[in-house]
Amino acid sequence: NHSNTQIGDGSYYFRVRAVDDAGNWGLSGEYIVRIDTTPPGPPQLSQDQTFVRAAQKQIDWVEAKDGAGSGIDEYTIIACANDPECSCDKVLTGVAMKFTQTGQNNNTDLTGLDEETTYYIVMNATDKVGLTSACSNSITGGIDTIAPIITIIRPSGSIITNQPTFTVVTNE
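Let me sum up the structure you'll find in this document. (Residues numbered from 1 in each chain as written. Predicted model: local features only at pLDDT ≥ 70, side-chain atom pairs only at ≥ 80, totals over all residues. Heavy atoms only, no water.)

### Some points on the side chain of Asp36
Thought 1: Along the polypeptide, Asp36 turns up in the loop between strand S2 (29–35) and strand S3 (44–45).
Thought 2: Of the side chains bearing the opposite charge, Arg34 lies closest to the buried Asp36, which forms no salt bridge; the N-O distance is 7.4 Å.
Thought 3: At 3.2 Å, the side chain of Asp36 and the backbone nitrogen of Thr38 are in polar contact.
Thought 4: A distance of 2.8 Å separates a polar atom in the side chain of Asp36 from a polar atom in the side chain of Ser70.
Thought 5: If we skip the residues at most four places from it in the chain, Asp36 touches Asp9, Asp66, Gly69, Ser70, Asp127, Val129 and Leu131. (Helix = DSSP H or I, 4+ residues; strand = E, 2+ residues; numbered from the N terminus. Buried < 20%, exposed > 50% of the residue type's maximum accessible area, 1.4 Å probe, protein only. Lys, Arg positive; Asp, Glu negative; His and termini not counted. Salt bridge = Lys/Arg side-chain N within 4 Å of Asp/Glu carboxyl O. Polar contact = N/O pair within 3.5 Å; in protein donor to acceptor, adjacent residues only side chain to side chain. Contact = heavy atoms within 4.5 Å.)

### A look at the state of the cysteines
Thought 1: Per the counting criterion, the structure on display carries 2 disulfides.
Thought 2: Note that Cys80 is cross-linked by a disulfide to Cys86, the S-S spacing being 2.2 Å. Across the S-S bond linking Cys80 and Cys86, the dihedral sits near 60 degrees, which makes this disulfide right-handed. The pair formed by Cys80 and Cys86 is uniform in burial state, with each residue classed as buried.
Thought 3: With its sulfur 2.1 Å from that of its partner, Cys88 forms a disulfide with Cys135. Disulfide Cys88-Cys135: torsion about the S-S bond near 85 degrees, hence right-handed. With Cys88 in the loop between strand S6 (72–81) and strand S7 (95–99) and Cys135 in the loop between strand S9 (117–127) and strand S10 (139–143), this pair connects stretches of sequence that are 47 residues apart.
Thought 4: Listing the disulfide partners of the protein chain by sequence rank of the bonded cysteines yields 1-2, 3-4. (Disulfide = S-S within 2.5 Å.)

### Focus: a negative patch on the surface
Thought 1: On the surface, a cluster of negative charge is made up of Asp114, Glu115, Glu116 and Glu172.
Thought 2: Considering the arrangement of structural elements, one finds Glu115 in the loop between strand S8 (107–111) and S9.
Thought 3: We classify Glu115 as partly exposed; its relative accessible area is 49%. (Patch = residues over 30% accessible without salt bridge, like charges linked within 9 Å, V, L, I, M, F, W, Y side chains within 5 Å. Areas by Shrake-Rupley, 256 points an atom, 1.4 Å probe, with all protein chains shown as cover. Charge placed at Lys NZ, Arg CZ, Asp CG, Glu CD.)

### Observations regarding the pattern of salt bridges
Thought 1: Enumeration according to the criterion identifies 2 salt bridges in this entry.
Thought 2: Of the charged contacts in the structure, one is a salt bridge between Arg15 and Glu30, with a shortest N-O distance of 2.2 Å. In this pair, Arg15 is assigned in strand S1 (residues 10–16) and Glu30 in strand S2, connecting sequence segments 15 residues apart. Exposure class is identical for Arg15 and Glu30. Each is exposed.
Thought 3: Across the pair Glu63 and Lys65 runs a salt bridge whose closest N-O atoms are separated by 3.5 Å.
Thought 4: By relative accessible area, which is 55% here, Lys65 ends up exposed.

Set out below in C-alpha cells:
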C-alpha cells in the first residue's frame, strides 16, 4: 500500500507484482492512472446578439480546451430572462439547460424560452473528473414573434415642400 499526494497532472503507468510468504511471485499487472487537477478553459459562444422567430434558439460555441486533462464531459448553458448580470452561478435564477456534448456538435437548441423575452446566455464546461471551467462570454438573444409597429410622426397632414422631413418611429 503506497500513497503519493505530490504528483502532478498527467498519465502514470504502474506495473505491480506480488510475492507470498513462500516466495512465489504472481503475474504482474499493469495499471494506468491519469491525474487531472486543472479545470478546462471556458468555451466561447460564437454568435452575437440574435433573436429568432422560431420556438427555439440555436446556440453555437467554440469548444472548451482541456489540455492534457481528462476531456470534456458536458456543457451547461444558462439563459437568464431579462438579467444582463447573468453568470454561470445563476443557474437557480435563470432557465438553465444542461446537456452532454456528443460527437463533434458544438451547438444545441434552447427550447422552453418565453416569447418576447430578452435572454442573456452564458455557458461553462465540466471535464470527466468534475472540474468546471470559468464562465464563457455572454450573448443576448431570444424569441421574437411580433412584428414591429411603425408610426409616421412627420409630416402630419398635407404639406407642400421641396425638402420633406419624415420622422418614423418603431416600438422596438
